[in-house]
Amino acid sequence: MRILLVEDDQVLGGAIRDHVAATGHSVDWMKRVDDAEAALDGVGYELVLLDLNLPDGRGLDLLRHLRARGSSVPVIITTAQDQIGVRIEGLNAGADDYLVKPFDLSEMSARVAAVARRYSGNPAPLVTVGAAQVNLATKLIMQGEESVTLTQREWAVFERLISRRGSVVSRSELENSLYEFGAEIESNAVEVYISRLRKKLGRKTITTQRGLGYRVDK
């Protein structure tokens, strides 16, 4: 997924970014409300990790602005404020989940995955794609009795296709899953990963819609 991290603490933000990136996601890290708003205007993020207290404003105001303009991007609040009233305010403003600092990074990853599954219409972690059984929580893929191993970027492409099963996903959307701000985009990267996925999962697993993109059937 392409994830926006909004966190002004240098140490915590770096730890979250590195952990999320290590699980195969692309992460853009912003430390201010205005920078986060600019990023959200330009990128179709699949999830936002949002701190509440930022140098130039409140994370809740950013969240309310997002929901007021009709954005349905999943938002998980991360904050040191553990009062029940603050949690209720955040959830009522449109947050999908809430993490109180300090939190375990593995728990954060599990919550990110669970929220993403709910939004993709796949609340259960197990899905069937062609002849493969895919566990979205553990990233385990089984074909019969054999497991299939994907690299982080192969998984990033495959996960985006699974989240939109039955729909065509454009090349630019897949690139969006692979690269964060400032990264150099290789011209044929998507085609390379699609080719590798077909070799590992079968050619019929992913269909090409010429001029439009790629699709995994339901």
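Residues numbered from 1 in each chain as written. Predicted model: local features only at pLDDT ≥ 70, side-chain atom pairs only at ≥ 80, totals over all residues. Heavy atoms only, no water.

Q: Break down the UniProt feature "modified residue: 4-aspartylphosphate" (unreviewed entry) in the chain for me, citing the residues and quoting the values.
A: The residues that UniProt annotates with the feature "modified residue: 4-aspartylphosphate" (unreviewed entry) are Asp51. The class for Asp51 is buried, based on a relative accessible area of 4%. Residues in contact with Asp51, not counting those within four places in the same chain, are Val6, Glu7, Asp8, Gly59, Thr78, Thr79 and Lys101. (UniProt positions renumbered as here; feature names shortened; annotations may be inferred. Buried < 20%, exposed > 50% of the residue type's maximum accessible area, 1.4 Å probe, protein only. Contact = heavy atoms within 4.5 Å.)

Q: Pulling in residues and values, what's your account of the packing of helix 2 (residues 33-42) against helix 3 (residues 59-68)?
A: Running from N to C, helix 2 and helix 3 point in directions that differ by 25 degrees, and their axes come no closer than 10 Å. The orientation of helix 2 relative to helix 3 falls into the category roughly parallel. Crossing angle aside, the handedness with which helix 2 passes helix 3 is right-handed. The residues of helix 3 that touch helix 2, namely those facing Val33, Ala36, Glu37 and Leu40, are Leu62, His65 and Leu66. Taken together, the residues that form the contact of helix 2 with helix 3 break down as five nonpolar, one polar and one charged. (Axes fitted to C-alpha atoms, helices over the stretch in contact; angles between N-to-C directions. Helix = DSSP H or I, 4+ residues; strand = E, 2+ residues; numbered from the N terminus. Parallel < 35°, antiparallel > 145°, perpendicular 65-115°, else oblique. Left-handed = near helix turned anticlockwise from the far one by under 90°. Nonpolar A, V, L, I, M, F, W, Y, C, P; charged D, E, K, R; others polar.)

Q: I'd like to hear about the packing of aromatic side chains, residue by residue, with values.
A: The tally for this structure, following the rule as stated, stands at one aromatic pair. Looking at Lys31, its charged tip hangs above the ring of Trp29, at a distance of 4.0 Å from the centre. (Phe/Tyr/Trp six-rings, centres within 6.5 Å; stacked < 30°, edge-to-face > 60°. Lys NZ or Arg CZ within 6 Å of the ring centre and 35° of its normal.)

Q: Outline the pairing of strand 6 (residues 75-79), listing residues and values.
A: Burial of strand 6 is extensive: five of the five residues sit out of reach of the surface. Pairing analysis gives four bridges linking strand 3 (residues 47-51) to strand 6, with the strands arranged parallel. Considered in strand 6, the bridge of Leu49 is made with Ile76. When strand 6 meets strand 7 (residues 97-100), the two strands line up parallel, connected through four bridges. (Pairing = 2+ DSSP bridges.)

Q: Which residues make up the pattern of salt bridges, and what are the values?
A: Considering all chains together, one arrives at 21 salt bridges under this definition. As a salt-bridge pair, Asp28 and Arg2 come within 2.8 Å of each other at their nearest N and O atoms. Placement of the pair is Asp28 in strand 2 (residues 26-30) and Arg2 in strand 1 (residues 2-6), with a sequence separation of 26 residues. Given a relative accessible area of 5%, Arg2 falls into the buried group. Two residues, Arg160 and Glu173, come together in a salt bridge whose shortest N-O distance is 3.9 Å. (Salt bridge = Lys/Arg side-chain N within 4 Å of Asp/Glu carboxyl O.)

Q: Account for the environment of Ser71, with residues named and values stated.
A: If you trace the backbone, Ser71 turns up in the loop between helix 3 and strand 6. Between the C-alpha atoms of Ser71 and Ser187, which are 116 residues apart in sequence, the distance is 30 Å.

Q: Would you mind going over the domain arrangement of the chain in detail, with residue names and values included?
A: The domains assigned to the chain are domain 1 (2-120) and domain 2 (126-216). The C-alpha-based centres of domain 1 and domain 2 are spaced at 25 Å. Counting the surface lost from both domain 1 and domain 2, the interface buries some 1,200 Å², and carbon and sulfur atoms represent 42% of this. The interface formed by domain 1 and domain 2 includes one salt bridge. The partner of Arg160 in a salt bridge is Glu46, and the shortest N-O contact between them spans 2.5 Å. Here domain 1 and domain 2 share three residue pairs in polar contact (both at pLDDT 80 or more) between them. Residue assignment for the side of domain 1 that touches domain 2 shows that the elements contributing at least two residues are helix 1 (10-22), strand 2 and helix 5 (105-120). (Domains from an automatic or database assignment. Buried area = accessible area lost by both parts, 1.4 Å probe. Polar contact = N/O pair within 3.5 Å; in protein donor to acceptor, adjacent residues only side chain to side chain.)

Q: For the nonpolar core, give the residues involved together with the corresponding values.
A: Within the largest apolar cluster, 27 residues are counted, with the highest numbers of intra-cluster contacts made by Val134, Ile141, Val157, Phe158, Leu161, Leu174 and Ile194. Sequence-distant contacts of Val157, defined by excluding residues within four places in its chain, comprise Leu174, Leu178, Tyr193, Ile194 and Leu197. Judged by nonpolar contacts, the second largest core, of 24 residues, contains Val33, Ala36, Leu50 and Val86. (Core = buried A, V, L, I, M, F, W, Y, C linked by side-chain atoms within 4.5 Å.)

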